Amino acid sequence: KIGVLPRPLPPIYEPDPVVEAIMFAAEHPRRDIYIGPGRLLAMTEGFMPALLDRLALLGDLVFKLQKTDQPDDGRDNFFAPMPADTYAMTGQWGAEAAPTSRYTRYLELHPVRQLAMLGAVVTGGLLLIRRLGRSTIKRRTVA
């Protein structure tokens, strides 16, 4: 209870991407399945935990972003189910919710595509490094 109605942090998704990920997980057991930018956050935590520790100092800002200016009506499903008249799939944030997570649909649920994308990114990075290295060598020989 924070005194006002809570607000989810963006991006907000409709239930469909979550249901799709749960169904995929039931048929293809995996340790982690990410929806939206969750994988980026997990990778950042793995590579640069100190950065996320520093960003945690922004916790007050994040906490403020999760509050609305509307007073809390006291209705929730913490201690008991909600009354039957309040059942809904999308909730009050449905208008802001994205219907799908393209990352989840096209990459996260397809490991072969993930590997192909990783290979393309690594190859592109190596080619870029090689090209930048050649241009640096050319500048040095001309000067």
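Thresholds applied
- Residues numbered from 1 in each chain as written.
- Predicted model: local features only at pLDDT ≥ 70, side-chain atom pairs only at ≥ 80, totals over all residues.
- Heavy atoms only, no water.
- Helix = DSSP H or I, 4+ residues; strand = E, 2+ residues; numbered from the N terminus.
- Buried < 20%, exposed > 50% of the residue type's maximum accessible area, 1.4 Å probe, protein only.
- Contact = heavy atoms within 4.5 Å.
- Areas by Shrake-Rupley, 256 points an atom, 1.4 Å probe, with all protein chains shown as cover.
- Salt bridge = Lys/Arg side-chain N within 4 Å of Asp/Glu carboxyl O.
- Expected span 1.5 Å × (residues − 1).
- Arc of directions from axis to C-beta.
- pLDDT = per-residue confidence, 0-100.
- Patch = residues over 30% accessible without salt bridge, like charges linked within 9 Å, V, L, I, M, F, W, Y side chains within 5 Å.

(A) Focus on the overall build of the protein chain. Counting its secondary structure elements, the protein chain contains six helices and two strands. In the protein chain, the succession of helices and strands from N to C terminus is β-α-α-α-α-β-α-α. When burial is assessed residue by residue, the protein chain has 13% of its 143 residues classed as buried. The long-range share in the protein chain, meaning contacts at least 24 apart out of those at least 6 apart in sequence, stands at 73%. With an accessible surface of roughly 11500 Å², the protein chain has 65% of that area assigned to carbon and sulfur atoms.

(B) Examining the pattern of salt bridges more closely. Counted by the stated rule, this structure contains one salt bridge. Of the charged contacts, one joins Asp32 and Arg31 as a salt bridge, the two residues approaching to 3.9 Å between their closest N and O atoms. The class of Asp32 is partly exposed, set by a relative accessible area of 37%.

(C) Looking closely at helix α1 (residues 15-27). The terminal C-alpha atoms of α1, which comprises 13 residues, lie 19 Å apart, in line with the 18 Å expected from a rise of 1.5 Å per residue. All buried positions along α1 are accounted for by Pro17, Ala21 and Phe24. All buried residues of α1 lie within an arc of 60° about the axis, which places them on one face of the element. Seen from the open side of α1, the exposed residues pointing more than 90 degrees away from its buried face are Ile22, Ala26 and Glu27.

(D) Just the side chain of Thr44, in detail. Along the chain, Thr44 turns up in helix α2 (residues 38-47). In contact with Thr44, other than residues within four places in its own chain, are Pro49, Leu51 and Leu52.

(E) Examining the confidence of the model for the protein chain more closely. Residues with a pLDDT of 70 or more make up 87% of the protein chain, whose mean pLDDT is 79. For the protein chain, per-element mean pLDDT is lowest for helix α3 (residues 49-56), which scores 73, and highest for α1, which scores 87.

(F) Up close: a nonpolar patch on the surface. Judged by side-chain polarity, Met43, Phe47, Met48, Leu51 and Leu55 come together as a nonpolar surface patch covering roughly 510 Å² of accessible area. The exposure class assigned to Met48 is partly exposed, which follows from its relative accessible area of 44%.

(G) Broad picture of the side chain of Thr104. Relative to the helices and strands, Thr104 is located in helix α5 (residues 102-108). Residues contacting Thr104, with those up to four places away along its chain left out, are Tyr34, Ile35, Gly36 and Leu109.

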